[in-house]
Amino acid sequence: MKYQPLTQSLYIRNRAKLAAKLKENSVAIFNSNDIMPTNADGTMKFRQNNDLFYLSGIDQEETILLIAPDCPNPAMREVLFLRETSELIAIWEGHKYTKEEAEAASGIKNIQWLSSFDQIFNTVMALSERVYLNTNEHLRAGVVVETRDARFIKRCKEQFPLHEYERAAPLMHELRGVKEQEEINQLQIACDITNKGFRRILSFVKPGVTEYEIEAEYLHEFVRNRSKGFAYEPIIASGGSACVLHYLENNKECKDGELILMDVGAEYGNYNADMTRTIPVNGRFTARQRAVYDAVLRVKNQASSMLVPGQNIQDYHKEVGLIMQSELIGLGLIDQTDVKNQDPNWPAYKKYFMHGTSHHLGLDVHDVGTMHGPIQPGMVFTVEPGIYIPAEGMGIRLENNIVVQESGYIDLMGDIPVEAEEIEELMNA
């Protein structure tokens, strides 16, 4: 791994929080992600299952975590199972965790090789009444590949049909939605790396550069700062391409007079930044571009201050929509007649601002956490309003990442230039 790992104390606390939420006499099982194939004998880069990582800090394939807080045998209350390494594996794949290293990383005392899993699991299940199994229950998930967790669920229910089965996902969503300080620190590092990338391209962009050259500049800066790279597929969208919300081609020349919308973020230690900035290719906004830009910035700033404890995220989105409605009227894009005649299920402002304003951020870019319950201190959200005007070949979105506090918020991207004057100054330095 390139990143500096967090201390075991975080994972000890995380497991204790989960254990406190389990019903009496339960066992919970978490599996690592698979290494996914490409073609022939190729594989994708490994990405750990975020729930397993959150509970153990172990960033390695073929890992299983067992948590059974009420097991009468104290040694079986937390067990971590690892792939046993060998001289051959070390030569072909590199170093894997030793038992001692896994204990130091996770704080789990009982480290076993995978070959011991069946015997230990059978024993713990015989002493348990119910089992918590993990699934991907993200509201936007479209799961088409069978995961290790899914295969384990089938096997477990066949082998132990008379146990009570519980869902681990709702508990994990609740826990992961509120960040510990160590997690916020990792997110800050990811945002700081993103800042370095953005400042790098401000002195690089000029008419004639291509979107993919800008992408390469970001990647260079991210990796040289110990990131794996992009937290998600980057959007580098010049001109009218910025009106395609999930534009990924990044293959066009950036032309004089256009804007470039850049939705990029670095990851660090499996935690993710999520930034959007929109800049003029030639280093100067036109009067119209500046008017739209400032409108988006005002919405972003107001929306950030509205993410407070007790607020309901759905109500928040509606309130931000009303602020955007006012800005669009001021820009002449909609009028009061449009508002009066609008479909309540698709307000007039949605023609130019058709996506949500905020989502949870953390180990997932669209992180798990409540989207219906009240906002709590320690939650981390994006704030990303935008205005998209295809007829003018212009799309502007601005996005920062904030931590909700008891009073006010911390802007993890507060050092990343966002005011139009500062962007122009840096691009023309």
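On a predicted model such as this, the values are computed, not experimentally measured, just so you know. (Residues numbered from 1 in each chain as written. Predicted model: local features only at pLDDT ≥ 70, side-chain atom pairs only at ≥ 80, totals over all residues. Heavy atoms only, no water.)

Caption draft 1: Examining the sheet that holds strand 4 (residues 110-113) more closely. The 6 strands lie next to each other as 4-3-2-1-5-6, forming an open sheet whose pairing is mixed. Looking at the sheet topology across the chains shown, the edges are occupied by strand 4 and strand 6 (164-167). Each strand axis lies, on average, 20° off the axis of its neighbour in the sheet, ignoring direction. Sheet topology note: the strand 5 (residues 130-133)/strand 6 ladder contains 4 bridges and is parallel. Within strand 6, the residue paired with Y132 across the bridge is E166. Across the sheet, helix 5 (residues 117-126) lies against strand 1 (26-31), strand 2 (64-67), strand 3 (78-82), strand 4 and strand 5, angled at about 150° from strand 1, the strand it touches most. (Pairing = 2+ DSSP bridges. Helix = DSSP H or I, 4+ residues; strand = E, 2+ residues; numbered from the N terminus. Axes fitted to C-alpha atoms, helices over the stretch in contact; angles between N-to-C directions. Contact = heavy atoms within 4.5 Å.)

Caption draft 2: How the structure looks around the sheet that holds strand 7 (residues 235-238). Pairing within the open sheet is antiparallel, and its 3 strands lie in the order 7-8-11. Each edge of the sheet is formed by a strand with only one pairing partner; in this case those strands are strand 7 and strand 11 (275-280). Strand-to-strand, the axes of this sheet are offset by a mean angle of 10°, without reference to chain direction. Relative to strand 8 (residues 259-264), strand 7 runs antiparallel, the two sharing 4 bridges. Its bridge partner being in strand 8, I236 is matched across the sheet by M262. Lying on the sheet, helix 9 (residues 211-224) is in contact with strand 7, strand 8 and strand 11; it crosses strand 7 at an angle near 145°.

Caption draft 3: Layout of the pairing of strand 8. Across the 6 residues that make up strand 8, a large majority, 6, are buried. Bridge count for strand 8 against strand 11 is 6 bridges, and the pairing is antiparallel. Directly across from L259, in strand 11, lies its bridge partner P280. (Buried < 20%, exposed > 50% of the residue type's maximum accessible area, 1.4 Å probe, protein only.)

Caption draft 4: View of the nonpolar core. In this structure, F198, I214, Y218, I279 and I387 are the most contacted members of the largest nonpolar core, which totals 105 residues. Among residues more than four places away in sequence, those in contact with I279 are F198, I201, L202, V205, E258, L259, I260, M262, F285, I423 and M427. In this structure, M76, I120, V124 and C156 belong to the second largest nonpolar core, which totals 20 residues. (Core = buried A, V, L, I, M, F, W, Y, C linked by side-chain atoms within 4.5 Å.)

Caption draft 5: Fine view of helix 9. Counted at 1.5 Å a residue, the expected span for helix 9 with its 14 residues is 20 Å, and the 20 Å between its end C-alpha atoms agrees. Every buried residue of helix 9 is listed here: E211, I214, E217, Y218, E221 and F222. Buried residues of helix 9 fall within an arc of 130° about the axis and therefore sit on the same side. Downstream of helix 9 by a residue or two, R226 has a phi angle that is positive, lying close to 75°. (Expected span 1.5 Å × (residues − 1). Arc of directions from axis to C-beta.)

Caption draft 6: Broad picture of a nonpolar patch on the surface. Where nonpolar side chains cluster on the molecular surface, the patch consists of L88, I91 and W92 and spans about 430 Å² of accessible area. On the secondary structure map, I91 appears in helix 3 (residues 87-92). (Patch = residues over 30% accessible without salt bridge, like charges linked within 9 Å, V, L, I, M, F, W, Y side chains within 5 Å. Areas by Shrake-Rupley, 256 points an atom, 1.4 Å probe, with all protein chains shown as cover. Salt bridge = Lys/Arg side-chain N within 4 Å of Asp/Glu carboxyl O.)

Caption draft 7: Looking closely at unusual backbone geometry. The backbone phi angle of N25 is positive, close to 60°, even though this residue is not glycine. The residue N25 is located in the loop between helix 1 (8-21) and strand 1 in this model. On the basis of relative accessibility, which here comes to 19%, the residue N25 falls in the buried class. At N250, a residue that is not glycine, the phi angle is positive and equals roughly 50°. Here N250 shows up in the loop between strand 7 and strand 8. On the accessibility criterion, N250 (2% relative accessible area) is buried.

Caption draft 8: Spatial organisation of the UniProt feature "domain: Aminopeptidase P N-terminal" (unreviewed entry) in the protein. The residues that UniProt annotates with the feature "domain: Aminopeptidase P N-terminal" (unreviewed entry) are residues 6-142. Secondary structure content for residues 6-142 is 33% helix and 17% strand, while the C-alpha to C-alpha distance between its ends is 31 Å. (UniProt positions renumbered as here; feature names shortened; annotations may be inferred.)

Caption draft 9: Just the side chain of D34, in detail. Its place among the elements puts D34 in the loop between strand 1 and helix 2 (50-56). Using a relative accessible area of 19% as the deciding quantity, one classes D34 as buried. At a separation of 3.2 Å, a polar atom in the side chain of D34 contacts the side chain of R148. Separated by 3.0 Å, the side chains of D34 and R151 make a polar contact. Contacts of D34, omitting those with residues within four sequence positions, involve F46, E146, T147, R148 and R151. (Polar contact = N/O pair within 3.5 Å; in protein donor to acceptor, adjacent residues only side chain to side chain.)

Caption draft 10: Quick peek at the side chain of H138. Along the chain, the position of H138 falls in the loop between strand 5 and helix 6 (148-159). A distance of 3.0 Å separates a polar side-chain atom of H138 from the backbone nitrogen of R140. The contacts of H138, once residues within four sequence positions are left out, are H173, H366, D367 and V368.

Caption draft 11: Geometry of the pattern of salt bridges. The tally for this structure, following the rule as stated, stands at 32 salt bridges. A salt bridge links R200 to E217; the nearest nitrogen and oxygen atoms lie 2.7 Å apart. Placement of R200 in helix 8 (residues 181-202) and of E217 in helix 9 is noted, with a sequence separation of 17 residues between them. One network of salt bridges, with partners in common, ties together D51, R176, K179, D364 and D367.

Caption draft 12: Representation of the packing of aromatic side chains in the model. Counted by the stated rule, this structure contains 11 aromatic pairs. Pairing F81 with F117 gives two aromatic rings, centres 5.0 Å apart and planes at 85°, and the pair type is edge-to-face. Taken as a pair, F81 in strand 3 and F117 in helix 5 lie far apart in primary sequence, 36 residues in all. Taking the relative accessible area as the measure of exposure, F81 reaches 0% and is therefore buried. By relative accessible area, which is 3% here, F117 ends up buried. On the numbers, 5.4 Å between centres and 70° between planes, the contact of F222 with F230 is edge-to-face. One aromatic cluster is present, built from ring pairs that chain together F81, F117, F121, F152 and F160. Of note, K157 hangs over the ring of Y165, and the distance from its end group to the ring centre comes to 5.4 Å. (Phe/Tyr/Trp six-rings, centres within 6.5 Å; stacked < 30°, edge-to-face > 60°. Lys NZ or Arg CZ within 6 Å of the ring centre and 35° of its normal.)

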